[in-house]
Amino acid sequence: GAVVSQHPSWVICKSGTSVKIECRSLDFQATTMFWYRQFPKQSLMLMATSNEGSKATYEQGVEKDKFLINHASLTLSTLTVTSAHPEDSSFYICSAPGTSGSYEQYFGPGTRLTVT
Amino acid sequence: QKEVEQDPGPLSVPEGAIVSLNCTYSNSAFQYFMWYRQYSRKGPELLMYTYSSGNKEDGRFTAQVDKSSKYISLFIRDSQPSDSATYLCAPFTGGGNKLTFGTGTQLKVEL
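Residues numbered from 1 in each chain as written. Chains lettered and ligands numbered in written order. Predicted model: local features only at pLDDT ≥ 70, side-chain atom pairs only at ≥ 80, totals over all residues. Heavy atoms only, no water.

**Focus: the interface of chain B and chain A**
The figure often quoted for interface size is the accessible area lost as the parts come together.
Reasoning step 1: Contact with chain B, which involves 20 residues of that partner, is made by 20 residues of chain A.
Reasoning step 2: For the chain B and chain A pair, buried surface summed over both sides reaches about 1600 Å², with 58% attributable to carbon and sulfur atoms.
Reasoning step 3: Among the residues of chain B in contact with chain A, Arg41(B), Lys98(B) and Phe101(B) are the three that bury the most area, contributing 27% of the side total.
Reasoning step 4: One can count 0 salt bridges joining chain B with chain A.
Reasoning step 5: Where chain B packs against chain A, one counts 3 residue pairs in polar contact (both at pLDDT 80 or more).
Reasoning step 6: At the level of elements, strand 4 (32-38), strand 5 (45-51) and strand 9 (85-92) of chain B are the ones that each hand at least two residues to the side of chain B that touches chain A. (Contact = heavy atoms within 4.5 Å. Buried area = accessible area lost by both parts, 1.4 Å probe. Salt bridge = Lys/Arg side-chain N within 4 Å of Asp/Glu carboxyl O. Polar contact = N/O pair within 3.5 Å; in protein donor to acceptor, adjacent residues only side chain to side chain. Helix = DSSP H or I, 4+ residues; strand = E, 2+ residues; numbered from the N terminus.)

Right, dumping it as structure tokens:
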């Protein structure tokens, strides 16, 4: 099956700094990728839809200037958390749909962000 | 009203029990009904899915959808400790569109 990787798997940063998380589709191309955030013992909340070659689409309540998304190629999307605060500490997960019209979505293993 | 409702649990059962996990949804446009399993601190993995109404069986797992009542179920037979995880229902319209997750039900199967 298709594989999605994320890097790093775990990151600690200081409050006020920025951190970049990468999401890669390893053996398939993804014109669209989704970014989710998951707080402990809660479900995945969609943050934004990343579109290759165009601007990301953000869900209501998600600050686009704080969570910068860049879909640089058909296999790479990045999420940059700018001016991180402790309340941004969470588990960030990306996913990519399979082939056009497919029901399948492939999830990355997640990135745990801790802001101190 | 949330688009997808799911009892968060936790649900604790003895090994070998039959487990029933359920979700309700409100969007009539949903056509695919996915069940994901998520182990602690890992990304979700697709367990099985059903298209439209009906049942689908895969080994010890059975997914059931009743579109008339907007009710989704996942049954696990002969539950094992390795089934201990969070189970998330995720209906969607298909075609690469976004998933809408339920809150997830945390299941613990005890020896």
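**Some thoughts on the sheet that holds strand 3 (residues 19-25) of chain A**
Strand pairing in a sheet is mediated by backbone hydrogen bonds. Such pairs are either parallel or antiparallel.
All names here are of chain A.
Reasoning step 1: In space, the 4 strands of this open sheet follow the order 1-3-8-7, with antiparallel pairing throughout. A single partner strand is all that each edge strand has here, and the edge strands are strand 1 (4-7) and strand 7 (67-73). In this sheet, adjacent strand axes meet at a mean angle of 20 degrees when their direction is disregarded.
Reasoning step 2: For strand 3 and strand 8 (residues 76-81), the ladder comprises 6 bridges, and the chain directions are antiparallel. From the neighbouring strand, cysteine 23 faces strand 8, where its bridge partner is serine 77. (Pairing = 2+ DSSP bridges. Axes fitted to C-alpha atoms, helices over the stretch in contact; angles between N-to-C directions.)

**Describing the state of the cysteines**
Residue and element names in this part refer to chain B.
Reasoning step 1: Applying the stated rule across the entire model yields 2 disulfides over all chains.
Reasoning step 2: At a sulfur-sulfur separation of 1.9 Å, the disulfide partner of cysteine 23 is cysteine 89. Measuring the twist about the S-S bond at about -105 degrees, one finds the cysteine 23-cysteine 89 disulfide to be left-handed. Residue cysteine 23 is found in strand 3 (residues 19-25), and its partner cysteine 89 is found in strand 9; the two are separated by 66 residues along the sequence. (Disulfide = S-S within 2.5 Å.)

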